[in-house]
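Letter by letter, the chains look like this.
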Number of protein chains: 2
Amino acid sequence: MNPHVREPDEGAAESPGEATTSPLPPAPAEPAVLTARPTVKTVAALAGVSTTTVSRVLNYKADLLSDATKARVFEAARELNYKPNSMAIALRKKVSQTIGLMIPDISNPYFHQIARGAEDTAMKHGYTVIFCNTDRSASKELTYVDLLDEKRVDGVILTGGGVDGDTHLADRLHEQARVVAIGPHRLSYPSIGADDRGAIQAAVLHLVAGGRRRIACLGGQPGWLIHQERLAGYRAGLEESGITYDESLVMPSDLSIDGGQQAVESALRAGLSFDAIMSFSDYAALGAMRALKEAGLTIPDQVAIMGCDDSPLSQMVEPALSSITFPVWEFGSLATQMIVDMLNGRPVPASQVLPYQLRIRQSTAALRVLPS
Amino acid sequence: MNPHVREPDEGAAESPGEATTSPLPPAPAEPAVLTARPTVKTVAALAGVSTTTVSRVLNYKADLLSDATKARVFEAARELNYKPNSMAIALRKKVSQTIGLMIPDISNPYFHQIARGAEDTAMKHGYTVIFCNTDRSASKELTYVDLLDEKRVDGVILTGGGVDGDTHLADRLHEQARVVAIGPHRLSYPSIGADDRGAIQAAVLHLVAGGRRRIACLGGQPGWLIHQERLAGYRAGLEESGITYDESLVMPSDLSIDGGQQAVESALRAGLSFDAIMSFSDYAALGAMRALKEAGLTIPDQVAIMGCDDSPLSQMVEPALSSITFPVWEFGSLATQMIVDMLNGRPVPASQVLPYQLRIRQSTAALRVLPS
DNA sequence: TTGTAGGCGTTATCAT
DNA sequence: ATGATAACGCCTACAA
């Protein structure tokens, strides 16, 4: 019925907690008659001026207004608790002060950090943001794009799209709205992101420095651009270390916890051996850790493991998971800022790369050289 | 500068990853002239009918329209890629098909599950939701309420508000918009939530059944209604077990990871002793686990610990954290459903209580009775 | 079966 | 310094 509810742990449930609902007093029905909202007209009448004047006063237009009038208008507006109708304004001015944010899933720490960054910054500039959870489904994406278009959003931030053939959004948008993409993609919009390739490469070098030679790769789906980007970094890291790339060591997954666990389990079953895992997500890495532990492998002694994206979880598990951190809040914030800039006719760079940082924790501790 | 960026772990940073930005080709400037959007008028012209007809066809009004006309209009709309202007519609119909969601912080799993529930359900009914991250700040709440009011939202979902004096929102809203609250609050809106008191009480009983007698409480701020509710459950659980309530065992915190850690650290420094901790949030519990481990206390042997809200982290730490799970997605979904119902004049219950479930894991394993 | 006209709440243009 | 008026894009009586 609902895809977002976690399955209960095996046999862990207990005490179903008091029953359900309780239909108390059958609702306050229709709240009588709603007092009509005040409009410029109402305010004008009360202040004894024209609507034009009200509009001018409330919008701080030119100070060619008598102080007395200003005062009267403000007073009337206050008294009536007048709030301008943003939709009428949008209709008239042809800008909605609204930005759409397309996101695979707000439940993912990576993305809700982006969301916060976007929301905070949008708010600062007087913009409202509409969140669209696409679940990486092309049809949902299309539906949302149409919705955003009907809402006449001034701009759209694309996120996590980046699939081989993600051109389905290309013509639907643009024209009117300003678009910015976060992360790798195939569209011709300005973009912002990190050096994914370099980050993974650096991480691999770190593993090698710790004495690892057979480094497996726990990746995403081959079609995802972000996967391709990171895989390139993985290969570059190996090459730089003089290690031959072995395709059988690359395990695809959906980068979820369970996905990571399954991938590693089946790799182990298949008899694969490795002394390190380079994962393209913390979640998958966590799942991998589970699989390793269950297989009796010790971390980091027998297998080192490196995550990516630095989720809050990584510091809580044991051993603490090494990871790569990206300025995710800034991704969202900057994307919003760029849209605002474009809207104001200011030039924006076609692409921006923000710095990453390796976070070295215990899961990738160097191999101790045994006395022999 | 930005409050959402985690501090780097102590001395864990390394390799600052390529520098920053890269101002490439200086942006595609202004995208030439934007082709004007088609309107009903445009479509009507192309189809050779009146705007009325267009409107009727596109809104599937009565089938008293000739098939030929319908076809022509649809064709014209398709050809022009016509999308109705939702703001003009909202202005005319006086409904915005929009719902506001006030939430303390979307980063918290508890709340983003609510957000997903709300968003999914709103979308299903053709509504759009506007997220408002209040950070539990009264001033932000007020700002957002005004914003939502100007956006003429049809409904508002209040969340995590519940503070002693949260009546500041009371008069600002209502009148026009339908309001539903999730969780305890002091306002006269329909509400939905769980039996927080009963849940904590059951959890305490579980701890007692495991042989614990000195059960500390890791709570939130005294002013939060949710805290008061849960504290009552804590006391009820003790009382039912014949254990005297000891106020010194109640540790207030902000329920964050760090907050929980600090609270427990200072409790231990103060010489407090206990054989169990009942925490009002998983995050705080996680912090507490850290503090306990650093103090050399073993979990669950020396101290059992129980969380609340069942965040995804709880299953990943060691030992796995026992917790209480609430149907959070449903909270958001149901709240939205209620608003939609109210909007359609359907009656809704004044209050609804959804079931909780205890998730027993290793962190609250029963004390082994040592052979003596 | 289809068209005409007025108005939702605001702002911008042009007068005064 | 202030007002009358038109128009933004759409829907909906009311006509025909």
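About the thresholds
- Positions within a chain are numbered from 1, following the residues in the order the chain's sequence is written.
- Here the convention is simple: chains get letters from A, ligands get numbers from 1, in the order in which they are written.
- Reporting in this predicted model follows two pLDDT cut-offs: at least 70 for local features of residues, and 80 or more for side-chain atom pairs to be given and counted; totals over whole chains, interfaces and linings ignore these cut-offs and use all residues.
- Working from all heavy atoms in the structure, the side-chain values ignore hydrogens and water.
- What counts as a helix is a DSSP run of H or I of at least four residues, what counts as a strand is a run of E of at least two, and both are numbered from the N terminus.
- Only protein chains enter the area calculation, which uses a 1.4 Å probe; residues under 20% of their type maximum are buried, those over 50% are exposed, and those in between are partly exposed.
- Two residues form a contact once any of their heavy atoms are found within 4.5 Å.
- Calculation of accessible area relied on Shrake-Rupley with a 1.4 Å probe; when residues are assessed, cover is drawn exclusively from the protein chains displayed.
- Each residue is tested against the molecule or strand, and it is near if at least one of its non-hydrogen atoms lies within 4 Å.
- Any pair of nitrogen or oxygen atoms within 3.5 Å is treated as a polar contact; in protein, a donor-acceptor pairing is required on top of that, and neighbouring residues in sequence qualify only through side-chain atoms on both sides.
- Polar here means any residue other than Ala, Val, Leu, Ile, Met, Phe, Trp, Tyr, Cys and Pro, which are nonpolar, and Asp, Glu, Lys and Arg, which are charged; Gly is therefore polar.
- By definition here, a salt bridge exists when the distance from a side-chain nitrogen of Lys or Arg to a carboxyl oxygen of Asp or Glu is within 4 Å.
- Joining through side-chain atoms within 4.5 Å is the link that ties buried Ala, Val, Leu, Ile, Met, Phe, Trp, Tyr and Cys residues into a set, and such a set is a nonpolar core.
- For two strands to be treated as a pair, DSSP must find at least two bridges joining them.
- With axes taken as lines fitted to C-alpha atoms, and helix axes fitted only over the stretch in contact, angles between N-to-C directions fall between 0 and 180 degrees.
- Think of it like this: strands point away, you trace from the first strand over the helix to the second, and a clockwise trace means the crossover is right-handed.
- Helix span is expected to be 1.5 Å times the residue number reduced by one.
- We call Phe, Tyr and Trp rings a pair once their centres come within 6.5 Å, taking the six-membered ring for Trp, and we label the pair stacked below 30 degrees between planes, edge-to-face above 60, and tilted otherwise.
- Here, over-ring charges are defined by two tests on the NZ atom of lysine or the CZ atom of arginine: distance to the ring centre within 6 Å, and angle to the ring normal within 35 degrees.
- Domain extents, as shown, originate in an automatic or database domain assignment.
- Accessible area, probed at 1.4 Å, shrinks when two parts are joined; the buried area is that loss added up over both.

1. Points about the overall build of chain A
Link 1 in the chain: Scanning chain A from N- to C-terminus turns up 11 helices and 13 strands.
Link 2 in the chain: The buried share of chain A, reckoned over its 372 residues, is 52%.
Link 3 in the chain: Intrachain contacts of chain A at a sequence separation of at least 6 include 73% that bridge at least 24 residues.
Link 4 in the chain: For chain A, the accessible area works out to roughly 16,400 Å², and carbon and sulfur atoms hold 55% of it.

2. Remarks on the protein's contact with DNA strand C
Link 1 in the chain: Near DNA strand C there are 25 residues, and of these Val40(A), Tyr82(A), Arg92(A), Thr52(B) and Thr69(B) occur at the shortest range.
Link 2 in the chain: Expressed as a percentage, the sugar and phosphate content of the atoms of DNA strand C within 4 Å of the protein is 61%.
Link 3 in the chain: The backbone of Asn85(A) places a nitrogen or oxygen atom 3.0 Å from a phosphate oxygen of DNA strand C.
Link 4 in the chain: The backbone of Ser50(B) places a nitrogen or oxygen atom 2.9 Å from a phosphate oxygen of DNA strand C.
Link 5 in the chain: Among the secondary structure elements, those contributing two or more residues to the surface near DNA strand C are helix H2 (51-58) and helix H4 (86-93) of chain A together with helix H2 (51-58) and helix H4 (86-93) of chain B.
Link 6 in the chain: The dominant element in the surface near DNA strand C, judged by the number of residues it contributes, is H4(A), at 4 residues.
Link 7 in the chain: Among the residues forming the surface near DNA strand C, the class breakdown is 9 nonpolar, 10 polar and 6 charged.

3. Quick look at the protein's contact with DNA strand D
Link 1 in the chain: The environment of DNA strand D is formed by 25 residues, the closest being Thr53(A), Thr69(A), Val40(B), Tyr82(B) and Arg92(B).
Link 2 in the chain: When the atoms of DNA strand D within 4 Å of the protein are sorted by group, sugar and phosphate make up 59%.
Link 3 in the chain: Contacts to DNA strand D include Ser66(A), whose backbone N or O atom sits 3.0 Å from a phosphate oxygen.
Link 4 in the chain: Every element with two or more residues in the surface near DNA strand D is listed here: H2 and H4 of chain A together with H2 and H4 of chain B.
Link 5 in the chain: Per-element tally for the surface near DNA strand D: the top contributor is H4(B), with 4 residues.
Link 6 in the chain: Here the residues of the surface near DNA strand D are counted per class, giving 9 nonpolar, 10 polar and 6 charged.

4. A word on the pattern of salt bridges
Link 1 in the chain: What the rule picks out here adds up to 36 salt bridges over all chains.
Link 2 in the chain: Arg230(A) is the partner of Asp196(A) in a salt bridge, and the nearest nitrogen-oxygen pair spans 3.0 Å. Taken together, the positions of Asp196(A) in helix H7 (residues 196-209) and Arg230(A) in helix H8 (residues 225-240) put the pair 34 residues apart, joining distant regions of the chain. Each member of the pair Asp196(A) and Arg230(A) is classed as buried.
Link 3 in the chain: A salt bridge links Arg197(B) to Glu229(B); the nearest nitrogen and oxygen atoms lie 3.6 Å apart.

5. Looking at the nonpolar core
Link 1 in the chain: Core analysis: the biggest nonpolar cluster contains 155 residues, and Tyr234(A) and Tyr234(B) have the highest contact counts within it.
Link 2 in the chain: Looking at this core, the element that brings in the most residues is helix H10 (residues 282-294) of chain B, giving 8 residues.
Link 3 in the chain: Excluding residues within four positions of it along the chain, Tyr234(A) makes contact with Ile200(A), Val204(A), Ile215(A), Ala216(A), Cys217(A), Tyr245(A), Leu249(A), Val250(A), Met278(A) and Phe280(A).

6. Structural notes on the sheet that holds strand S10 (residues 304-306) of chain A
Pairing between the strands of a sheet is mediated by backbone hydrogen bonds and can be parallel or antiparallel.
Residue and element names in this part refer to chain A.
Link 1 in the chain: As summarised here, the arrangement of the 4 strands in space is S8-S7-S9-S10, forming an open sheet in which the pairing is parallel. Looking at which strands have only one partner, the edges of the open sheet turn out to be strand S8 (250-251) and S10.
Link 2 in the chain: The pairing of strand S9 (residues 276-279) with S10 spans 3 bridges and is classified as parallel. If you follow alanine 276 over to S10, its bridge partner there is alanine 304.
Link 3 in the chain: Sheet contacts for helix H10 (residues 282-294): strand S7 (215-218), S9 and S10; angle to S9, the most-contacted strand, approximately 155 degrees.

7. Some details on the pairing of S9(A)
All names here are of chain A.
Link 1 in the chain: Burial of the side chains of S9 extends over both faces: Ala276 and Met278 are buried on one face and Ile277 and Ser279 on the other.
Link 2 in the chain: Relative to S9, S7 is paired through 4 bridges, and the arrangement is parallel. Along S9, the bridge assignment pairs alanine 216 with isoleucine 277.
Link 3 in the chain: What joins S9 to S10 is H10, and the crossover it makes is right-handed.

8. Quick notes on H10(A)
Residue and element names in this part refer to chain A.
Link 1 in the chain: With 13 residues, H10 should reach 18 Å at 1.5 Å per residue; the first-to-last C-alpha distance of 18 Å fits that figure.
Link 2 in the chain: Inspection of H10 places Asp282, Ala284, Ala285, Leu286, Gly287, Ala288, Met289, Ala291 and Leu292 among the buried residues, and these make up the whole buried set.
Link 3 in the chain: Here the buried face of H10 lies against S7, helix H9 (257-269), S9, S10 and strand S11 (323-325).
Link 4 in the chain: The N-terminus of H10 is capped by serine 281, whose side-chain oxygen sits 3.2 Å from the backbone nitrogen of tyrosine 283.
Link 5 in the chain: Once H10 ends, the next one or two residues include glycine 296, with phi positive near 80 degrees.

9. So, the packing of aromatic side chains
Link 1 in the chain: As enumerated under the stated definition, the model contains 7 aromatic pairs over all chains in all.
Link 2 in the chain: Where Tyr234(A) meets Tyr245(A), the ring centres are 6.2 Å apart and the plane angle is 75 degrees; that geometry is what we call edge-to-face. Of this pair, Tyr234(A) sits in helix H8 while Tyr245(A) sits in the loop between H8 and S8, and the two are 11 residues apart along the sequence.
Link 3 in the chain: Taking relative accessible area as the criterion, Tyr234(A) reaches 0% and is therefore assigned buried.
Link 4 in the chain: With relative accessibility at 25%, the residue Tyr245(A) sits in the partly exposed group.
Link 5 in the chain: Seen from their ring centres, Tyr110(B) and Phe111(B) are 5.2 Å apart, and the 85 degrees between their planes marks the pair as edge-to-face. Comparing Tyr110(B) with Phe111(B) shows no difference in burial state: the two are buried.
Link 6 in the chain: Over the ring of Trp224(A) we find Arg136(A), and its NZ or CZ is 4.6 Å from the ring centre.
Link 7 in the chain: Looking at Arg235(A), its charged tip hangs above the ring of Tyr245(A), at a distance of 3.8 Å from the centre.

10. Describing unusual backbone geometry
Link 1 in the chain: In the segment running from Ile299(A) into Pro300(A), the intervening peptide bond is cis, with an omega of 5 degrees.
Link 2 in the chain: Topologically, Pro300(A) is positioned in the loop between H10 and S10.
Link 3 in the chain: That bond from Glu318(B) to Pro319(B) is cis: its omega, -5 degrees, falls within 30 degrees of zero.
Link 4 in the chain: Here Leu255(B), not a glycine, exhibits a phi torsion of approximately 70 degrees, which is positive.
Link 5 in the chain: Position of Leu255(B) relative to the elements: it lies in the loop between strand S8 (250-251) and helix H9 (257-269).
Link 6 in the chain: You can call Leu255(B) buried: its relative accessible area is 17%.

11. As for the pairing of strand S3 (residues 128-133) of chain B
Residue and element names in this part refer to chain B.
Link 1 in the chain: Counting buried positions along S3 gives 6 out of 6 residues, so the element sits mostly inside the fold.
Link 2 in the chain: Neither face of S3 is left uncovered, since the one carrying Thr128, Ile130 and Cys132 and the one carrying Val129, Phe131 and Asn133 both have all their residues buried.
Link 3 in the chain: One ladder, built from 6 bridges, connects strand S2 (residues 98-103) with S3; its direction is parallel. Looking at S3, one finds that threonine 98 is bridged to threonine 128.
Link 4 in the chain: Between the parallel elements S2 and S3, the chain passes through helix H5 (residues 109-124) in a crossover that is right-handed.

12. Thoughts on the environment of Gln315(B)
Link 1 in the chain: By the element assignment, Gln315(B) lies in the loop between strand S10 (304-306) and strand S11 (323-325).
Link 2 in the chain: The spacing of Gln315(B) and Arg361(B) is 46 residues in sequence and 8.2 Å in space, taken between C-alpha atoms.

13. Regarding the domain arrangement of chain A
Residues and elements named next belong to chain A.
Link 1 in the chain: By the assigned domains, chain A splits into domain 1 (40-84), domain 2 (91-194 + 328-354) and domain 3 (196-325 + 357-365).
Link 2 in the chain: Here the C-alpha centre of domain 3 lies 30 Å away from the C-alpha centre of domain 2.
Link 3 in the chain: Domain 2 puts 11 residues into the contact, and the matching count from domain 3 is 10 residues.
Link 4 in the chain: Here domain 2 packs against domain 3, burying approximately 910 Å² in sum over the two surfaces, 62% of which is carbon and sulfur.
Link 5 in the chain: Counting the contacts that link domain 2 with domain 3 gives 0 salt bridges.
Link 6 in the chain: For the pair domain 2 and domain 3, the interface holds 1 residue pair in polar contact (both at pLDDT 80 or more).
Link 7 in the chain: Along the lines of polarity and charge, the residues of the side of domain 2 that touches domain 3 split into 5 nonpolar, 3 polar and 3 charged.

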